[in-house]
Structures are given as C-alpha cells and as structure tokens.
Amino acid sequence: KTVEPASADEFVVVQGIADLVVMLPNEIWLLDFKTDAINLHQLAEKTAHYEPQLKLYATALSRIYRKPVSQSWFYFLSIRQAVEVGGAIQLASA
C-alpha cells in the first residue's frame, strides 16, 4: 500500500529508522534488517508485507539527498537471507 497525500496542500509524516544506508556519489543503497522468526516458505509473504515500509524510506532518502535509491534489500536474520526489493526509487519531479 502506498501512502500519498490526498491533495497538494497535505503531507504525510512517517516515522522510522533505516537500518543501513550507503551513500555513494550518485546513488543510495538501502538495507533493512528483519528479526521475524520465519522460514523460507514465508519469505515472499513477509517481503510483500514490509515492502511499503522500504519504499517509503527510499522515497524519503531520494527526496532528501536528491539522488536515486538504486538498490534496496531486506535481510531476514532468522534465515540469513537477503531479498532485493523493487527497482530504483528516484526523486519525483515537482
């Protein structure tokens, strides 16, 4: 689910902390650690569940630093599995 303002006069406030952000000269990488006790069969479901959170972080980082988040991942600690999420998130044109 994407969170967007209802009109140009509104804004959305989201509070959260990105676990690991790698700032490169022309791009940003984003990694979020998940501590859920899951198995491999639940990986796709949990990734889909958390994907909106990572996309919000990526959008915020892209807008703040004016460069794209070119790569983003979840790392599920309980199964030691990294999952790449979506494509590049770039600053939306105003």
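Structural notes, computed from the coordinates. Note that residues are indexed from 1 along each chain, following the sequence as it is written. Per-residue local features are limited, in this predicted model, to residues with pLDDT of at least 70; the limit for side-chain atom pairs, both in listing and counting, is 80 or more; totals at the level of whole chains, interfaces and linings are taken over all residues. Side-chain metrics rest on all non-hydrogen atoms present in the structure, leaving aside hydrogens and water.

## Quick word on the environment of Leu-54
Put simply, DSSP marks the helices as runs of H or I at least four residues long and the strands as runs of E at least two long, and each gets a number from the N terminus on. As for its position among the elements, Leu-54 is in helix α1 (residues 43-65). You can call Leu-54 buried: its relative accessible area is 2%. Spatially, the C-alpha atom of Leu-54 lies 8.2 Å from that of Leu-30, the residues being 24 residues apart in sequence. Here Leu-54 is in contact with Leu-30, Asp-32, Ser-72, Trp-73, Phe-74 and Val-85, once residues within four sequence places are set aside. Three labels apply to residues, based on accessible area from a 1.4 Å probe with only protein chains included: buried if under 20% of the type maximum, exposed if over 50%, partly exposed otherwise in between. Contact criterion: two residues are considered in contact whenever any of their non-hydrogen atoms come within 4.5 Å of each other.

## What to know about the pairing of strand β3 (residues 69-76)
Relative to β3, strand β2 (residues 28-34) is paired through seven bridges, and the arrangement is parallel. Pairing of Trp-29 across the sheet is with Gln-71, part of β3. Crossovers are described as right-handed under a simple rule: with the strands pointing away from the observer, the path leading from the first strand over the helix to the second runs clockwise. Running through α1, the crossover from β2 to the neighbouring parallel element β3 is right-handed. When DSSP finds two or more bridges between two strands, those strands count as paired. Both β3 and strand β4 (residues 81-84) contribute to a ladder of four bridges, which runs antiparallel.

## Observations concerning the pattern of salt bridges
What makes a salt bridge here is a side-chain nitrogen of Lys or Arg within 4 Å of a carboxyl oxygen of Asp or Glu, nothing more. Taken as a whole, this structure holds three salt bridges when the rule is applied. Its salt-bridge partner being Asp-32, residue Lys-34 comes within 2.8 Å of it at the nearest N-O pair. In this structure, Lys-34 and Asp-32 share a single accessibility class: buried. For the salt bridge of Glu-51 with Lys-55, the shortest nitrogen-to-oxygen distance reads 3.2 Å. With Glu-51 and Lys-55 both in helix α1 and four residues apart, the pair spans about one turn of that helix. Look at Lys-55 and you get partly exposed, because its relative accessible area is 37%.

## Here we look at the nonpolar core
For the purposes of this section, nonpolar cores are sets of buried Ala, Val, Leu, Ile, Met, Phe, Trp, Tyr and Cys residues that join through side-chain atoms within 4.5 Å. Formed by 15 residues in total, the largest nonpolar core has its most connected members in Leu-30, Leu-43, Val-69, Phe-74 and Phe-76. Mapped onto this core, the elements with two or more residues apiece are β2, α1 and β3. If you tally residues by element for this core, the top one is α1, at six residues. Not counting residues up to four positions away in its chain, the partners in contact with Leu-43 are Ile-38, Phe-76, Ile-79, Gln-81 and Val-83.

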